[in-house]
Amino acid sequence: MSDDQTGMKKGLTRYGDDAFSLFLRKAFIKAMGYTDDALNRPIIGIADTFSGYNACHKTVPDLIEAVKRGVMLAGGLPVEFPTISIHESFAHPTSMFLRNLMSMDTEEMIRAQPMDAVVLIGGCDKTVPALLMGAASANVPAIVCVTGPMGTGSHKGERLGACTDCRRMWGKFRAGEIDEAEIEDISSKLVPTAGTCGVMGTASTMALMTEAMGMMLPGGAAIPAWASDRLRHAEETGTRAVALAKEKVTPDQIITQAALNNAMKTLLAIGGSTNGIVHMAAVAGRLGLNVDLDAFDTMGRDVPMLVDLKPNGSYYMEDLWKAGGLTTILREIEDLLDLDCPTVSGKTLGENLAAMAPGWQQDVVRPRGNPLFSKGSMAVLRGNLAPNGAVLKQSAADQGLLVHEGRAVVFENLEDLAERIDSADLDVTADDVLVLRNIGPKGAPGMPEAGYIPIPKKLASQGVKDMVRISDGRMSGTAFGTIILHVSPEAADGGPLALVQTGDRIRLDTPNRSLTLLVDDTEMTARRAAWTPPPAHKGSGRGYLKLYLDTVTQAEDGADFDFLQATGDS
Ligand code: FES
C-alpha cells in the first residue's frame, strides 16, 4: 500500500495539498449521492468484469448486487469499478495474450483508487489468474468470487456441456459422423446457461485451486452460476471483505508457498487443466515464490486423480457441487495438505474443512483407494527436446501411447497447420508424432490453446482418435489426447523444438519422464548454426504487442511479463 491511510483518504490524488485532494475527492463522489456517514465506512472495491462479449460473466451484475448487500450488512461501503474482461472465444489472437494486460489493469486500479479491500469477481479462464496476479502485486486485502459453472444441456437425449463436448462433437463432424445441420443444432445446446465451462477446464480448475489456496470462502468454487447458493456465497464474500479490510489480511499472508503447494496438489487430485500450472507460476512469481515443476511431478506420485469429471471422466461441475464440491476432494487428500494455511475466511484450511457439513454417499469424487487415475494426472517431461520442461496430462491420454516412438511430422506454425493438416496428400500415419511449433508465448504470440492439434482428417475418418502431439503452446483443459505442451524454451526463442525436421524420430517415455529427439549432437549443432528466427510479427514495433514480445517469460515462469514479477521493492 502506498500509505497507511484508509477509506477515502487512501492514495490521494497529488495536487500538492492533501486536504484539498480529499475535499475534491469527496465533492465528486458526493455527486453519486453518498452521505458523509457512508463515506466514512471501510471502502470495499468490487472488480466488475461484466462484458457483453463474455457469457461466462453474464451474471456479474447480479453477483455485484449480492456482494454489495453483504458489504453493507457488515457496515462497509461497496464501490464497483470496471476491469478488463476476457472471454476465451472472443479474444484475438488468444485470451492468454491479454491475461497480463488484465492483471496490470487490475493491479493499477486497485492501487490507484481508495479501497480497504477488494472483491475480485471473475470466472472465465484467464480472468481469475489475472485478478489474482493483479491483487497479489497490489497486496490490498482481497477475496475472490467466481461466476460459477454453467448448467448442462442435452442433444437427442445425450447430456452436453461446454467445452469437452464442443470438441467431441466437432470431432464427430470432422469424421463425417454428423452433418452440417446437426452440428449447427448442437451449437445451440452446448452452452445452455450463463457461467463458466461446466467440465474440468481451466475455469473450473482455477476456481478450485483458488479455493484450495485460501483466497475464496469455502464451498465457493463449484456452485453453479444458476444456483441461489451462488448469490448467497457472493453476499457472504462481501461481508467477509469488510472483515478482511479491518483485519488487514493481505494476499501475501494467504498465498504462501505452502498454500501454493496445496493448490498444486488440488490440481493433481482434480485432474485439472494444464493451464493451472502456468497461471499458478505467474501468481507465485508476483510474490517472489515459485512453482517448481519437478516438485510438482513428485507430488503427482502421491496424489491420485479422484474427480470423475469430463474430459477425464463422465460428470460435470454441477454434479461436483452436489457431491460436496472442493471439500469432498480435499478431505480425501487431507493428510497431504498443509492444513495450517490461513484463508480469507479468517480460519485455517483445516478449520474450514472441519466446519463444513459431513460428507455423504456420492460417486463424483472417488476415495483414495479407488482413484480414477493413480499415477498423477500430469507428468513433467524433460529431455533434449524440452530442456526446461514440458507437460503431459497423462490422465487424458491414450494409455497405449504413453511410451511411444514415432516419426516426426512437423508443422511450422498455425498457418502451415491449417493449410496441410486435412490435405489428402499429407504424408502421415497414426504412429507418427505431430509437431507444431512457433505457438509459444512469443511464437504465436500469446501461447494459444492450439496444442490440441487435430487428428489429420484422413486418419480421423479411418477412426484414429489419438496420436502423440507436441507443441510449445497450451491446450484447453476441456481437451484430451496424448498431447505434450508448454515445451520450453519455445521454438521462436531458439528452443530445440525449432530444429526438429519431418522424418526425425521422437521418443516419449512418460514413466521415465523423458522426451527425446533421436538426432545426434553433431547434427543438432549444424541445424542450430543454420537456424534463423521466424519473421517478426506484423505490428510488433509498437504498443502492447511490442511490450508483450519484449518481456514475456517462458511457460515455467508463468508467461508473465518479467517486469511484473516481484522485485522486493513494492
Ligand atoms: Fe469461459 Fe470456458 S469459455 S470458461
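Residues numbered from 1 in each chain as written. Predicted model: local features only at pLDDT ≥ 70, side-chain atom pairs only at ≥ 80, totals over all residues. Heavy atoms only, no water.

Help me understand the pairing of strand β7 (residues 379–383), please; the structure alone is not making it clear to me.
A regular strand places its side chains on the two faces of the sheet in alternate fashion. Bridging between β7 and strand β8 (residues 386–392) involves four bridges; their strand directions are antiparallel. Opposite Gly-383, over in β8, you have Ala-386 as the bridge partner. Counted between consecutive antiparallel strands, the loop separating β7 from β8 contains two residues. (Pairing = 2+ DSSP bridges. Helix = DSSP H or I, 4+ residues; strand = E, 2+ residues; numbered from the N terminus.)

Honestly, the state of the cysteines in this entry has me stumped. Any pointers?
Here a disulfide denotes a covalent bond joining the sulfur atom of one cysteine to the sulfur atom of another. What the rule picks out here adds up to one disulfide. Covalent S-S linkage joins Cys-163 and Cys-166, the inter-sulfur distance amounting to 2.4 Å. Classification of the bridge connecting Cys-163 and Cys-166 rests on its S-S torsion, roughly -95°, and on that basis the disulfide is left-handed. With relative accessibility at 22%, the residue Cys-163 sits in the partly exposed group. Cysteine Cys-145 shares no disulfide, and the gap to the nearest cysteine sulfur, in Cys-56, comes to 15 Å. (Disulfide = S-S within 2.5 Å. Buried < 20%, exposed > 50% of the residue type's maximum accessible area, 1.4 Å probe, protein only.)

What's the story with the nonpolar core in this structure? I'm lost.
Nonpolar side chains in soluble globular proteins tend to be buried together. Met-280 and Leu-320 are the most contacted members of the largest nonpolar core, which totals 100 residues. Element by element, the count of residues in this core is highest for helix α11 (residues 257–270), at eight residues. Apart from the residues within four sequence positions on either side, Met-280 is in contact with Met-206, Met-209, Met-213, Leu-260, Ala-263, Met-264 and Val-291. Ala-390, Ala-397, Val-435 and Ile-506 belong to the second largest nonpolar core, which has 27 residues in total. (Core = buried A, V, L, I, M, F, W, Y, C linked by side-chain atoms within 4.5 Å. Contact = heavy atoms within 4.5 Å.)

Where do I start with the sheet that holds strand β2 (residues 77–82) in this structure?
In any sheet, the strands associate via hydrogen bonds between backbone groups, in a parallel or an antiparallel arrangement. The parallel open sheet is built from four strands, whose spatial order is β2-β1-β3-β4. The open sheet has two free edges, formed respectively by β2 and β4 (142–146), since each of these has just one partner strand. Across the sheet, the axes of successive neighbouring strands diverge by a mean angle of 25°, strand direction being ignored. Relative to β4, strand β3 (residues 117–122) runs parallel, the two being bridged by five bridges. Across the sheet, Val-118 pairs through a bridge with Ala-142, a residue of β4. (Axes fitted to C-alpha atoms, helices over the stretch in contact; angles between N-to-C directions.)

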